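Chains, contacts and geometry: an overview
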Amino acid sequence: MKTTSFTKEVHISTLFRHPFHERMYDDNDGSFLNESIKRTGNKPINPIIGIRIPGDHDRYFVLVGWSRVKSLEQLGHETTQITVFDLEDEKEIQSLIIDSNKQRIKSGYELMMEFIYYLGYYPQHRGVPGNRYSKIGKELGISKHRVKDLVMLYEFFKGEGDCILESVFGKELSINQGKKLKKIVEKFPEKFNSEQSFRKLCNKNFDFERLNYSLLNLDIDDDFEFELMESYLRRDKNFNEFNKSLDQYGKTIQRVDDHNKRKVEVPEIDENYKSKHVQLYNCDNRKFKPLEPFSKLIKCLVGSPPYGNLRLNGDDPENETGHNMTGQEYGVYLSETYSRYKEYLDPTGSIYVIINDSRNDHGSFSLIPEHFVVEMKLRGFELVGRYSWNKINPQPRSYNVKNMTNGFEMIYRFSPNPELCYFNPDLFLELDERERGFSQGCTNTDNKGNTTRGTLYYQSHLKKVRDTLDEQTCQDVIRGNVANPEDFFRQVDEKRHTSTSPIYLTSTLILESTKPGDLVVDIWGGVGNTMVSSLLLGRDYIGIEKEENYFKQSQRRLQMTEKMIEDITVNSGDNEIKMLPAA
C-alpha cells in the first residue's frame, strides 16, 4: 500500500469514527487512556490516523486511535494532531484498520468479526487444499486445523446462531462444545427458533451430552422449563433427580391445563359492582368513605392486611403497602387505616385482623403485630380476643435457612366498647349438621416445588364452610388448611392471588361476631374470600380492593357465587333449605 500522508492540527469535533471500525470493534469511552496521556504531556504516544471524509475536506474519518480521540475529549482538549492518509480504496482502508488493531485486546465479538473479514479477504480457491486456512490462521495466530473447525461452525450457525461462534472466540464455549451443539441442532431444528435459543446455551459449564435428553422433554424458549434444563446441564442434578423434577413439572402443567379448561367464561366489568347483598369498590382503603349503602353500621370488619416485606401482593414493590417500613412504622400505618372506620363501626361491632410478622434485613423480626396492638390501643380500641390460626399444612420449610416453618398466624379482635361487644350466642346453632363429607386438604407448595399435603377435613358437597367447623376448632385455636389458590373466576392471563385467607377462617370470625343480615366489611378485599363467607352465612358485605387485577376477579367471583346460591339447594328430608338465609 503506497500512499501519501500529512499531519495537521484539527478540531476534535471534526473527527468521526469510520463505519468499518464501528462495525468491527466494540466502542469504549477511552477513559482507560486518560492517565497514560497525562503522563506523556497530553499527547498520545501513537499517532491518530485518518482519512478525509469523501466530499468534505474539513472533516475526517478516524481509522486508528479512536479511543485516543475520546480520551483527549474527556480531558478537555479541543484540538489534536492527526496523520491524514490519502486513501480511497475501501479494501486498503479496511486492511489498515484491521492491521492497526493487531495488538488490541479483543472480545469474542471482535475476534469473530476479524475472522469473518479474513474469510472474505482470503476467498476459497479450488485445487489449493489448506492454503486458505493456513493464511487465515497466520493472521489470527491459530492453527489451520482450528480455522477449519471455525469455518465449519460459522457456516452452520451464521445468522441467528452467530452468538455460538462469538462464544467460542470469547472462550465461553469450546470448539468441541460447539460441535456437539451443532449435532443437537441438526437433530432438533424445531427447538431453535431464535437467537435467544442459542444465546441461552453459551455457557462453558454446560454438559452438552445431556442436552439431547433435555430437549426431548423441555422447551428451551420457555424460561421456566429452561431453568429446569439448566440445572441438569450444569450437573447440579443427576439423571434421577432431573427425572423427578420433570415428573413434578408434568403434574404441575397438567393441573394448570385442567384448571384453564374448567374456567368459567365471565364478562368483563369496568366499574364498581353492586348487588342486593354486596358492594365492591376498587380504591385505596385510606381514601374510601363508607356511605352506609345498606343503611346500617359495620358489625364486623375482618381481613388480612399485607404482611410488610414478607410478600409482594401488587406489581410495584416501591409502593407496596408495608414495604420499606419498620415494624413500628407499619404498626402506625395499619392502626391509622383501621381508625378511619371507627365512626362507621356499630357500637357492638368488632375489628378482626389476621396478621403475620416479617423479618428485617439482618434477620430479626419486625414485631409488626406487637406494634400494631399497641397503636390500636392508643387510638381507643381494646383487645377483646386473641386467637391462633394453626395451619395443618404450612408452607414447606426451606433448607436454605435455619428457621423452622411458621405454622400459625395470630388473629386479634378489637372493640371500641368491650362491654357492648357482640358475641353470637347462636354461633354453633348456625352450623349445619347435615350433608357432611370428607374432602382432601389442598396442597401448599413453596417456590422450589416442595409440597405439603393437607389432611382430610369436613366439607359438604356444596362446600358450605360452616361444615368445617366444630366446637374444638372454634375457641382459642382455629385449625385448618391454608387457602387453596385455585380460582375459576380468574382469567388465564391474570395473576393468581396465593395468599388468601381460607373461607372457613373468615367464616368463623363472622359467625362469632355477627348475626344473619349484619354488615361485614373487608378493607383488604383481595379476590373475595371474606365476601364468599359473608354470602354463604347470610350477611351483607362491602369489599375494598386497590389492585385492579384482584378487584376484577372478586367481581366475577361475586356473580358466580350469587348464581350458585340462587341455583343450588340442599335437600334435607322433605324440606329444601336455601344456602343463604333471608336477611
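How each quantity is defined
- Residues numbered from 1 in each chain as written.
- Predicted model: local features only at pLDDT ≥ 70, side-chain atom pairs only at ≥ 80, totals over all residues.
- Heavy atoms only, no water.
- Helix = DSSP H or I, 4+ residues; strand = E, 2+ residues; numbered from the N terminus.
- Expected span 1.5 Å × (residues − 1).
- Buried < 20%, exposed > 50% of the residue type's maximum accessible area, 1.4 Å probe, protein only.
- Contact = heavy atoms within 4.5 Å.
- Axes fitted to C-alpha atoms, helices over the stretch in contact; angles between N-to-C directions.
- Left-handed = near helix turned anticlockwise from the far one by under 90°.
- Nonpolar A, V, L, I, M, F, W, Y, C, P; charged D, E, K, R; others polar.
- Pairing = 2+ DSSP bridges.
- Polar contact = N/O pair within 3.5 Å; in protein donor to acceptor, adjacent residues only side chain to side chain.

Looking now at helix H7 (residues 144–157). With 14 residues, H7 ought to run about 20 Å at 1.5 Å a step, and its terminal C-alpha atoms sit 20 Å apart, in line with that. For H7, the complete set of buried residues consists of Val147, Leu150, Val151, Leu153, Tyr154 and Phe157. Looking at the buried side of H7, the elements it contacts are helix H5 (108–121), helix H6 (131–140), helix H8 (162–169), helix H9 (175–187) and helix H10 (195–199). In the segment just after H7, Gly159 is the residue with positive phi, at about 105 degrees.

Before going further, it helps to examine the packing of H5 against H6. Running from N to C, H5 and H6 point in directions that differ by 145 degrees, and their axes come no closer than 10 Å. Between H5 and H6 lies a crossing whose hand is right-handed. Listed contacts from H6 to Glu114, Phe115, Tyr118 and Leu119 of H5 are Arg132, Ile136, Glu139 and Leu140. Residues that form the contact of H5 with H6 fall into these classes: 5 nonpolar, no polar and 3 charged.

This paragraph deals with the sheet that holds strand E4 (residues 56–64). If you walk across this open sheet you meet the 5 strands as E1-E5-E3-E4-E2, and the pairing is mixed. The open sheet is flanked by strand E1 (5–11) and strand E2 (15–17), the only strands paired with a single partner. Pairwise comparison of adjacent strand axes, ignoring direction, gives a mean angle of 45 degrees for this sheet. Relative to E4, E2 is paired through 3 bridges, and the arrangement is parallel.

With that settled, consider unusual backbone geometry. With phi around 60 degrees, Asn42 is a residue other than glycine that occupies positive phi space. Inspection of the secondary structure puts Asn42 in the loop between helix H2 (34–39) and strand E3 (49–53). Positive phi is not limited to glycine here, since Lys171 has a value of about 65 degrees. Among the structural elements, Lys171 can be located in the loop between H8 and H9.

Moving on to the pairing of strand E6 (residues 278–281). Within a regular strand, side chains alternate between the sheet's two faces. Residues Val278 and Leu280 line one face of E6 and the alternating positions Gln279 and Tyr281 line the opposite face, and both faces are buried. Of the strand pairs in this sheet, E6 and strand E17 (residues 540–544) are connected by 4 bridges, and their pairing is parallel. Across the sheet, residue Gln279 finds its bridge partner in E17, namely Ile542.

As a further point, take the side chain of Arg17. As for its position among the elements, Arg17 is in strand E2. Among the polar contacts made by the side chain of Arg17, one reaches the side chain of His21 at a distance of 3.0 Å. Only 2.7 Å separates the side chain of Arg17 from the backbone oxygen of Tyr25, close enough to count as a polar contact. When sequence neighbours within four positions are dropped, the list of residues in contact with Arg17 reads Glu22, Tyr25, Asp26, Asp27, Phe61, Val62 and Trp66.

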